[in-house]
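Report on the structure
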Amino acid sequence: MLGPWDCSYRALLKTRECVLAIPGADLLAKTVAIGNCSGAEVDKFAEYKLTPCLAAKVKAPLIGEALKNLECKLIKKLNINGGELFVLQGVAAWHNPARREQRTFHAKGDGTFFIDGRQVNLRSKMTRWQDCI
Ligand SMILES: Cc1cc2nc3c(=O)[nH]c(=O)nc-3n(C[C@H](O)[C@H](O)[C@H](O)COP(=O)(O)O)c2cc1C
């Protein structure tokens, strides 16, 4: 979620591109801390000891410690019921197989989180979507 009060919101509208970094479960506490301050006040890379890495197709940096990084271009901003929805197109994707922690986490929206659990392999059923696997 982003709003005009966020530095990221203004940067996204100005540059029309961004990186969505997906942290592993080992970075959960750090992610919450990063989500509770603003880049307008702190240099988040320095404060949270994150490594900016060169992206292939956008100017925004990747986060070296993230599990995955998605380089995106802003396609459209839609106004829906007083809220704003950003439509992004992924132009490059990175996965970091060297991270020991490969689980991701999911916010429930009330300050609590799920961490990935059991993995279920249904690749044999994905007959229509061979390109995805
Ligand atoms: C766990 C978590 C919960 C968040 N909840 C909200 C929220 O309720 N409302 C909101 O506007 N942003 C929420 N955010 C987004 C962050 O506040 C925001 O993306 C970021 O801190 C803004 O930093 P910036 O000013 O550098 O862009 C949340 C982020 C995290 C990680």
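Since the structure is predicted, the reported quantities are computational estimates derived from the model, not experimental observations.

It is worth spelling out the UniProt feature "domain: Flavin reductase like" (unreviewed entry) in the protein at this point. UniProt feature "domain: Flavin reductase like" (unreviewed entry): in the numbering of this structure it lies at residues 4-102. The span residues 4-102 shows a helical share of 20% and a strand share of 36%, and its end C-alpha atoms are spaced 33 Å apart.

Neighbouring the ligand are 13 residues, the closest being Cys7, Ser8, Gly35, Ser38 and Gly39. In the model, an oxygen atom of the ligand is placed 3.1 Å from a nitrogen or oxygen of the tryptophan 5 side chain. In this structure, an oxygen atom belonging to the ligand sits 2.6 Å away from a side-chain N or O atom of serine 38. Here the ligand has 630 Å² of accessible area as a free molecule, and 67% of this is covered by the chains. Elements represented by at least two residues in the shell around the ligand include exactly helix 1 (7-15) and helix 2 (28-34). Its residues placed into classes, the shell around the ligand shows six nonpolar, five polar and two charged.

Attention shifts here to the pairing of strand 4 (residues 68-80). Bridge count between strand 1 (residues 17-22) and strand 4: six bridges; the pairing is antiparallel. Its bridge partner lying in strand 4, valine 19 is registered against glutamate 71. For strand 4 and strand 5 (residues 83-95), the ladder comprises 12 bridges, and the chain directions are antiparallel. Paired with lysine 77 across the two strands is phenylalanine 86, which belongs to strand 5. Connecting strand 4 to the next strand, strand 5, in antiparallel fashion are two residues, including asparagine 81 with a positive phi near 50°.

Most often, soluble globular proteins have nonpolar side chains that are buried together. Core analysis: the biggest nonpolar cluster contains six residues, these being Tyr9, Leu12, Cys18, Cys72, Leu74 and Phe86. Looking at this core, the elements with two or more residues in it are helix 1 and strand 4. Setting aside residues no more than four positions away along its own chain, phenylalanine 86 makes contact with Tyr9, Leu12, Leu13, Leu74, Lys76 and Lys77.

A full pass over the atoms with the stated rule returns four salt bridges. Notably, a salt bridge pairs glutamate 84 with lysine 77, separated by 2.6 Å at the nearest N-O pair. For lysine 77, a relative accessible area of 32% translates into the label partly exposed.

On to the packing of aromatic side chains. Under the definition given, this model contains two aromatic pairs. Ring geometry for tyrosine 9 against phenylalanine 86: centres 5.8 Å apart, planes inclined by 75°, an arrangement best described as edge-to-face. Of this pair, tyrosine 9 sits in helix 1 while phenylalanine 86 is found in strand 5, placing the two residues 77 residues apart along the sequence. Judged on exposure class, the residue tyrosine 9 and its partner phenylalanine 86 are both buried. Geometrically, the ring pair formed by phenylalanine 105 and phenylalanine 113 is edge-to-face, given 6.1 Å between the ring centres and 80° between the ring planes. On the basis of relative accessible area, phenylalanine 105 is assigned to the buried category, the value being 16%. By relative accessible area, phenylalanine 113 is classed as partly exposed at 31%.

Parameters and conventions
Residues numbered from 1 in each chain as written. Predicted model: local features only at pLDDT ≥ 70, side-chain atom pairs only at ≥ 80, totals over all residues. Heavy atoms only, no water. UniProt positions renumbered as here; feature names shortened; annotations may be inferred. Helix = DSSP H or I, 4+ residues; strand = E, 2+ residues; numbered from the N terminus. Near = heavy atom within 4 Å. Polar contact = N/O pair within 3.5 Å; in protein donor to acceptor, adjacent residues only side chain to side chain. Areas by Shrake-Rupley, 256 points an atom, 1.4 Å probe, with all protein chains shown as cover. Nonpolar A, V, L, I, M, F, W, Y, C, P; charged D, E, K, R; others polar. Pairing = 2+ DSSP bridges. Core = buried A, V, L, I, M, F, W, Y, C linked by side-chain atoms within 4.5 Å. Buried < 20%, exposed > 50% of the residue type's maximum accessible area, 1.4 Å probe, protein only. Contact = heavy atoms within 4.5 Å. Salt bridge = Lys/Arg side-chain N within 4 Å of Asp/Glu carboxyl O. Phe/Tyr/Trp six-rings, centres within 6.5 Å; stacked < 30°, edge-to-face > 60°.

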